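Observations on chain architecture
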Amino acid sequence: MAASIRRRLCSMPTSRRTSEMVEQRKTGVRQNDGRQGGLRQKITGGQFRTEMRQARSGAFLFFGDENFLKRRELESLRDKICADENAAAFNHFIFTNDNYEPSAVRNAILAPAMMADLKLVEIYALPFGDFRKKDDLEGIENWLEAAKDSVDTLTVVYTTVETFDSGDAKSPSAIYKLIAKYAIPVEFAHEPTQKLVMWASKHFSDDKIIAEPSECTYLIDTVGHDMTTLANEIDKLCAFLHYKNVERLEKSHIDIICPHNKEIGAFEFADAVLENNLDKAFNILGDMKKRGESVQVILGGIAKIYTDLMLLKTFSDAGVGSDEAAKRLGLHPFVAKLRMTKAKMCDERALAAVIQLCADTDAALKSGSADDYLMLERLIIQAGLLRNRRVWS
């Protein structure tokens, strides 16, 4: 019944609003409609949270690396706008890849809010990288234009790192520029370690576990900064500690329960070598040695990272986006995006030089002519010498 009523509503024209309501809506979030190069000005997730303490109309693009914070903000909007279940049946529309049709999205935006001042329209995790045809892009622009001008609709274009390539500040992607012409971009970046330590400590405390800042920092260093991953690992640790009747978290518990993020360690090590940051490179290598990680595995991971960087730089120079590059290289979209950003800043000679060092180190390891970890330490020093000789800048 509700579905049939909703379909009828989507085909209704927008009702006229009083000038007072229009003015009230326009003086809300749209105060931030500053434009940079024709695009609406980007704000942070924290700024959005502050401005939307009272939900108001507007069009917003949720993007960035921290999916956990995006989900939290979207859930908060649902609670504010759709608290009345009867009204929510008419005022909450969700479009995913399964039911997305540009005309249906536009009709939902144009339909009047029923029994409420505001309705919520979500365009949720669409594979925007697949929308390249002229008709696809025109369809997106049509509903975005309606969303920008609506006085009773809050439209959220919710994206994930797996489905959306925003490009970067200097070179935003084509789809980002299209959406940001109409919707305010809201970036949800990974939180800094200090904030995550406080958040993790509270998470443990809520579950009656004492977790000191040093242990929370160690946990973040172990599993990475992604809050979804951290939340899952904290839940596992709490369950384990309750089972053991232990009230205080220790590093040994983290070593038992949580997998070390070897991908982050390898990438940071490769990055430190490329940047000639010897102290950081030796510290990361020392940590991997303590964990007993195989030298061949470490070297293979480093060589693959540099090879991927070289290929991603080639793709970037050819105008290929990170989503397409991820498919071609078999990389996770988030990993491809992270490495493509780094690749754009790399000199091709730098990448070629370090790839050759990795090949030489691999040959020496297979000959058994030197201590394994000593060869990796030598790779760090040789890379530094090459840079000092201005093989790359």
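Residues numbered from 1 in each chain as written. Predicted model: local features only at pLDDT ≥ 70, side-chain atom pairs only at ≥ 80, totals over all residues. Heavy atoms only, no water.

The subject of this paragraph is the pairing of strand S6 (residues 119–124). Most of S6 sits inside the fold, with 5 of its 6 residues counted as buried. One ladder, built from 4 bridges, connects strand S5 (residues 92–95) with S6; its direction is parallel. Each residue of the ladder has a partner; that of Phe93, found in S6, is Val121. Here S6 runs beside strand S7 (residues 153–158); their pairing, made up of 6 bridges, is parallel. Its bridge partner being in S7, Lys119 is matched across the sheet by Thr153. The handedness of the S6 to S7 crossover, carried by helix H7 (residues 134–149), is right-handed. (Buried < 20%, exposed > 50% of the residue type's maximum accessible area, 1.4 Å probe, protein only. Helix = DSSP H or I, 4+ residues; strand = E, 2+ residues; numbered from the N terminus. Pairing = 2+ DSSP bridges. Right-handed = clockwise from strand over helix to strand, strands pointing away.)

Further remarks concern the packing of aromatic side chains. Taken as a whole and judged by the stated rule, the model has 9 aromatic pairs. Here a set of aromatic residues connected by ring pairs shows up, and it is made of Phe48, Phe60, Phe62 and Phe188. (Phe/Tyr/Trp six-rings, centres within 6.5 Å; stacked < 30°, edge-to-face > 60°.)

It is worth spelling out the sheet that holds strand S4 (residues 58–63) at this point. Taken together, 6 strands build an open sheet; the order of strands is S3-S8-S4-S7-S6-S5 and the sheet is parallel. The open sheet is flanked by strand S3 (43–44) and S5, the only strands paired with a single partner. Summarising the sheet, S4 and S7 pair through 5 bridges and their orientation is parallel. Its bridge partner being in S7, Ala59 is matched across the sheet by Thr155. Its contacts with the sheet place helix H6 (residues 102–110) against S5, S6 and S7, and it is angled at close to 160° to S6. (Contact = heavy atoms within 4.5 Å. Axes fitted to C-alpha atoms, helices over the stretch in contact; angles between N-to-C directions.)

Attention now goes to empty space enclosed by the protein. Under the criterion given, the structure shown has 1 cavity of 30 Å³ or more. Looking at the lining of the largest cavity residue by residue, the class counts come to 3 nonpolar, 4 polar and 2 charged. (1 Å grid on protein atoms, 1.4 Å probe; cavity = no way out; pocket = protein on both sides within 12 Å on 5 of 7 lines; lining within 4 Å. Points joined across faces, edges and corners; volume = space filled by probe spheres on them. Nonpolar A, V, L, I, M, F, W, Y, C, P; charged D, E, K, R; others polar.)

Evaluated as defined, the whole model comprises 14 salt bridges. Between Glu73 and Arg49 there is a salt bridge whose closest N-O contact spans 2.6 Å. On the criterion of sequence distance, the pair formed by Glu73 in helix H4 (residues 67–81) and Arg49 in helix H3 (residues 45–51) is long-range, its members being 24 residues apart. One salt bridge connects Asp308 with Lys304, and the closest N-O pair in it is separated by 2.8 Å. Placement of both Asp308 and Lys304 in helix H15 (residues 295–317) is noted, with a separation of 4 residues, approximately one turn of the helix. For Asp308, a relative accessible area of 5% puts it in the buried group. (Salt bridge = Lys/Arg side-chain N within 4 Å of Asp/Glu carboxyl O.)

All right, on to the packing of helix H9 (residues 193–206) against helix H11 (residues 227–243) then. Orientation of H9 relative to H11, taken along the N-to-C sense of each, is 35°, at an axis distance of 10 Å. H11 is crossed by H9, and the crossing has right-handed handedness. From H9, Leu196, Trp199, Ala200, His203 and Phe204 reach across to H11, where they touch Met227, Leu230, Ala231, Ile234, Asp235, Leu237 and Cys238. For the contact of H9 with H11, the residue count by class is 10 nonpolar, 1 polar and 1 charged. (Left-handed = near helix turned anticlockwise from the far one by under 90°.)

Empty space within the second largest pocket amounts to approximately 610 Å³. Lining the second largest pocket are 26 residues, and of these Asp165, Ser173, Ala174, Gly319 and Gly321 lie nearest its centre. For the lining of the second largest pocket, the secondary-structure elements that each account for two or more residues are helix H8 (174–180), helix H16 (322–329) and helix H17 (333–344). For the lining of the second largest pocket, the leading source of residues is H17, giving 4 residues. Tallied by class, residues from the lining of the second largest pocket come to 10 nonpolar, 10 polar and 6 charged.

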